[in-house]
Structure formats: structure tokens, C-alpha cells
Amino acid sequence: SANKKLLVLPGDGIGPEVMGEVRRVIDWMGRRRAASFDIEEGLVGGAAIEATGTPCPDSTVEAAMRADAVLFGSVGGPRWDKLPFEQRPELGILRLRKDLGLFANLRPAVVLDPLVDASSLKADVVRGLDIMIVRESTGGIYFGEPRGVHTGPDGKRTGIDTEVYTEDEIARVARVAFDLARKRRNKVTSTEKANVMQSGRLWRAVVSEVHQAEFPDVELEHMYADNAAMQLCSRPKQFDVILASNLFGDVLSDLAAALTGSLGMLPSATLGAVQPSGKRHALYEPIHGSAPDIAGRGVANPSAQMLSFAMLLRWSFGMEEDARMIEAAVEKVLAGGLRTADIMQPGLARVGTAVMGEAILRELEKLAA
Ligand code: NAD
Ligand code: IPM
Ligand code: MN
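Under an unreviewed UniProt entry, the name given to the chain is 3-isopropylmalate dehydrogenase, and the source organism is Sabulicella glaciei. Per UniProt, the comment on the chain under Subunit (unreviewed entry) is "Homodimer." The UniProt entry for the chain carries the following comment under Function (unreviewed entry): "Catalyzes the oxidation of 3-carboxy-2-hydroxy-4-methylpentanoate (3-isopropylmalate) to 3-carboxy-4-methyl-2-oxopentanoate. The product decarboxylates to 4-methyl-2 oxopentanoate."

Here it is, written out as C-alpha cells:
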């Protein structure tokens, strides 16, 4: 059919809990917005290990290839922590990114007005904060060879990971960052450690070349990644788009999440190249994990998953109005004083996942009326 094909991968821990609330919104959109999706649900992570023995079965990768977009929950948990490295649930998301060529992970960090006081920083420092982190997501130290733990002749072990970046890998993710900047406040801060890393030296050179040749109108600043972490905590509003390697982007985006109040608020989009057919593989995932410490209790914040679905509507289907409606609904619920435990503030009403999801639906209903 001509319906939009969605692959839903709830995964582990709080993944299925927060995904459940998104499923209700998808159903609602079918009824009230005449937006119909063909939804397939698949296995990934620990859930896939239990059912099939592997964290990312071929059938899941094939379904992801066929889909117009993938909505991903989260993977991992203590139950699978003792498995050999190549069998861990986390491999589920890593393989999907790699096999689908999803090299650009967009991680917005936006401080919503109702959450200004939930931030770890002073209200004045974060009010109105709107950063986009563009994290490279199919290269670098996550995938570079050689890697492994080797035991030497003396019986001592050595752990090895290798940071590898080709100039093409750097250039294509840099282009995504510059493109985004043009639609925002026209500034890119590129992070690396060109002072100590060869791959960082190349990163800085290639980003400068792409800038000069294709985006001279965008303001470009280079910043060492350690300094960027410090600046994010002290003067975060200087940033517009932050460009980072796989590892630095992972760390900086969790840090940015803390500025916005909670990991439970932040969505992301992981995009591939636009193919000649016009198709672009894309996966949408909250930046948080499976939160084993709160899983199974119905208290997780569904906002990050919900906002990931909004990003999906915007980036994969051009459904800007619907995306904004969902974002507005989340913000309205927060403004109304409902809070999951992670963003709880004195005097407000603490609710669980389902009540939060219900409230988002009610706001959507009002916005659509
Ligand atoms: P985490 O993001 O799962 O949790 C960190 C902290 O944030 C916890 O205290 C958790 O309760 C809280 N938190 C996270 N999401 C929340 C939400 N929606 N609502 C309320 N609180 C929330 O990170 P972790 O504890 O370091 O990792 C747990 C597992 O998840 C590990 O196996 C890890 O590898 C995996 N992980 C998976 C992904 C992913 O699937 N994309 C991302 C990060 C971590
Ligand atoms: C993330 C996670 C993943 C990563 C893990 C689970 C592989 O931390 O999406 O931020 O490191 O990319
Ligand atoms: Mn992470």
C-alpha cells in the first residue's frame, strides 16, 4: 500500500513502556489526522537475544531496510551484562546504524520553558537554550580496527580500540552540520582533540576545507572537546550546532541532556545519505537507555520517545504540522504541572508513564480541535 511503513523496535527495560504511549498517539493520528502507517514490530537487544539468540537478527535489519522509518526504544540491561562482547544487546543499535549507513545522529538539546528550573544549571544560564549536536555515528572508535582484548605471552591483557576516520566520513557529517546551521543560527562549533589525536587533526582540516569550499557563509569555530564540555556547563547559549565524533558526541549529548532537565526529555534522529531514489534510511531513538533502575515500574518519562516520533514525522515524512503538534502537546502537559519522577519539582504533580501519555493525548485532542 502507499501507507508509510514504520518499523517499531521497543527493545528492553523502559523501551516498551515509553513506546506504548507513542503507539497510542499513532493510533490517535490514524483516527483524527487521517495519517495511516503500516506498522511492523520487531525484535532488538535483549528481547531479541531471548527470542532468537542474537541482539540484531537479520530479519530486523531487513525489516529496517524495507521501512520508511524506524522508531527505536532502548536496549540493554543487567540480565545481559555478562554476555560476551559480541553478543551484548547494545550491538543491536550499533549494527542497525552501521548496516543502514546512519552516519549522522542529530541530538537536539532544547530547554523547554516549563523545565527551566529542572536544569542542573541556573535558570538564567539555560533559559531558551536550543542546541543541535550532530554526532557522527557509523565510524570512529566505535568501529575502528584493531579492537579487542588480547592476552600477551606474559598472561597480561591489553584492551584495544582504535579511532579511525576517513576524510569522506568527516566531510559528509560536516555537511549535515553546516546544512542544519543554515536553517538555525548559522554557527557550527566543531569539536575534536586536534592537539593530541591524528584523527582529530584530520577532522579539523577536513571540516575547514568543507567549510571554505561549500559553506563559507556559515560561522565555523573549532573547539577542543574537553573545553566544549566545560563551555557547555558554563556558557551553553554560545552554541548553535555542535559537530562531534561518535565518542565525543555520545558524551557531550548526555551532558547537554542534563542541562535540559533530564535524559528522559531528549529525542534523536539518526540519518543516512539521501539515495538516488530519494529514499533516506532513518532511525529515531531517545538518547536515554533502558534505565534498568526504574524499568517495570511504569514511572519512566515517555517524552523523549514521544519527541523522537515527532522528529520522525518531520524528517522522514515532512509532516511538520503534526510534529509541532506533538512537541506543543508535551510542552503543554509540562506547563500544566504534571511531572514524571526524573523532572519532578516541589509543588507539582508526580505522575507515571501512562498518565503522562494520557495527558499528552488530551492536549493533542485540544490542539487538533
Ligand atoms: P540510561 O540512559 O538507561 O539511564 C541513566 C539514568 O537516567 C538512570 O538513572 C535512568 O533511570 C534515567 N533515565 C533514563 N531515561 C529515563 C526516562 N525516560 N525517564 C526517567 N528516567 C530516565 O543509561 P545507563 O543506566 O547508563 O544504561 C542502562 C542500559 O541502557 C545499559 O545497558 C546501556 O548500555 C543501555 N543504553 C542503551 C541506549 C540505547 O538503547 N540507545 C542508550 C544508552 C544506554
Ligand atoms: C547512545 C548509547 C549507545 C551509544 C550505546 C547503547 C551503544 O549510549 O545511543 O547514546 O553509545 O551510541
Ligand atoms: Mn549514549
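Residues in close proximity to ligand 1 total 23 residues, the closest being Gly-76, Gly-264, His-288, Gly-289 and Asn-301. When its residues are assigned to classes, the shell around ligand 1 shows ten nonpolar, nine polar and four charged.

Looking at the assigned domains, one finds that the chain contains domain 1 (1-103 + 272-369) and domain 2 (106-265). Distance from the C-alpha centre of domain 1 to the C-alpha centre of domain 2: 23 Å. Facing 20 residues of domain 1, the contacting portion of domain 2 comprises 21 residues. Counting residues per element, the ones that place at least two in the side of domain 1 that touches domain 2 are helix H4 (91-99), helix H10 (303-317) and helix H11 (320-335). Split into classes, the residues belonging to the side of domain 1 that touches domain 2 amount to ten nonpolar, six polar and four charged.

Taken together, the ten strands give an open sheet; going across it, the order is S2-S1-S3-S12-S11-S4-S5-S10-S8-S9, and neighbouring strands pair in mixed fashion. Two strands bound the open sheet, and with one partner strand each, they are strand S2 (37-41) and strand S9 (219-224). Taken over all neighbouring pairs, the strand axes of this sheet differ in orientation by 25 degrees on average, direction set aside. When strand S8 (residues 187-192) meets strand S10 (residues 241-244), the two strands line up parallel, connected through three bridges. Bridging from a neighbouring strand, Thr-189 pairs with Ile-242 of S10. Across the sheet, helix H8 (residues 225-234) touches S8, S9 and S10, and the angle it forms with S9 is around 105 degrees. Its contacts with the sheet place helix H9 (residues 246-259) against strand S4 (104-110), strand S5 (130-136), S8 and S10, and it is angled at close to 155 degrees to S5.

Attention shifts here to the site of ligand 2. For ligand 2, the full set of nearby residues is Glu-90, Ile-93, Leu-94, Asp-250, Ile-287 and Gly-289. In terms of residue class, the shell around ligand 2 is made up of three nonpolar, one polar and two charged.

Further remarks concern the UniProt feature "binding site: Mg(2+)" (unreviewed entry) in the chain. Sites flagged by UniProt as "binding site: Mg(2+)" (unreviewed entry) map to Asp-226, Asp-250 and Asp-254. In three dimensions, the annotated residues from a span of 29 residues occupy one location, with a maximal C-alpha spread of 14.1 Å. Position of Asp-250 relative to the elements: it lies in helix H9. Positionally, Asp-254 belongs in helix H9. Since 15 C-beta atoms lie within 10 Å of it, Asp-254 is described here as partly exposed. Discounting residues that sit within four places of it in the chain, Asp-254 has contacts with Leu-263 and Ile-287.

Take the environment of Asn-301 next. Along the chain, Asn-301 turns up in the loop between strand S12 (282-284) and H10. On the basis of neighbour count, Asn-301 is assigned to the buried category, with 28 C-beta atoms found within 10 Å. In this structure the C-alpha to C-alpha distance between Asn-301 and Gln-212, which are 89 residues apart in sequence, comes to 43 Å. Apart from the residues within four sequence positions on either side, Asn-301 is in contact with Ser-262, Gly-264, Met-265, Thr-340, Asp-342, Ile-343 and Met-356.

Here we come to H4. All buried positions along H4 are accounted for by Leu-91, Gly-92, Ile-93, Leu-96 and Arg-97. Summarising the contacts, the buried residues of H4 are in contact with helix H2 (46-52), helix H3 (58-66), strand S3 (69-74), strand S11 (269-271) and S12.

Our focus in this paragraph is the nonpolar core. Residues Val-70, Leu-71, Val-134, Ile-242, Leu-243, Tyr-284 and Phe-309 are the most contacted members of the largest nonpolar core, which totals 98 residues. Looking at which element gives the most residues to this core, the answer is H10, with eight residues. Taken domain by domain, this core gets at least three of its residues from each of domain 1 (1-103 + 272-369) and domain 2 (106-265). Beyond its immediate stretch of four places on either side in the chain, Leu-243 contacts Val-134, Val-173, Ala-174, Ala-177, Val-188, Ser-190, Thr-191 and Val-207.

What follows concerns the packing of helix H1 (residues 15-32) against helix H12 (residues 353-368). Two numbers describe how H1 lies on H12: the axes approach to 9 Å, and their chain directions differ by 20 degrees. As summarised for this structure, H1 and H12 are arranged roughly parallel, according to the angle between their axes. Every pair of crossing elements has a handedness; the one defined by H1 and H12 is right-handed. Contact residues: H1 offers Glu-17, Val-18, Glu-21, Arg-24, Val-25, Trp-28 and Arg-32, while H12 offers Thr-353, Gly-357, Ile-360, Leu-361, Leu-364 and Ala-368.

What counts, and at which threshold
- Residues numbered from 1 in each chain as written.
- Chains lettered and ligands numbered in written order.
- Predicted model: local features only at pLDDT ≥ 70, side-chain atom pairs only at ≥ 80, totals over all residues.
- UniProt positions renumbered as here; feature names shortened; annotations may be inferred.
- Near = placed C-beta within 6 Å.
- Nonpolar A, V, L, I, M, F, W, Y, C, P; charged D, E, K, R; others polar.
- Domains from an automatic or database assignment.
- Contact = placed C-beta atoms within 7 Å.
- Helix = DSSP H or I, 4+ residues; strand = E, 2+ residues; numbered from the N terminus.
- Pairing = 2+ DSSP bridges.
- Axes fitted to C-alpha atoms, helices over the stretch in contact; angles between N-to-C directions.
- Buried ≥ 20, exposed ≤ 12 C-beta atoms within 10 Å, placed from the backbone.
- Core = buried A, V, L, I, M, F, W, Y, C linked by C-beta atoms within 7 Å.
- Parallel < 35°, antiparallel > 145°, perpendicular 65-115°, else oblique.
- Left-handed = near helix turned anticlockwise from the far one by under 90°.

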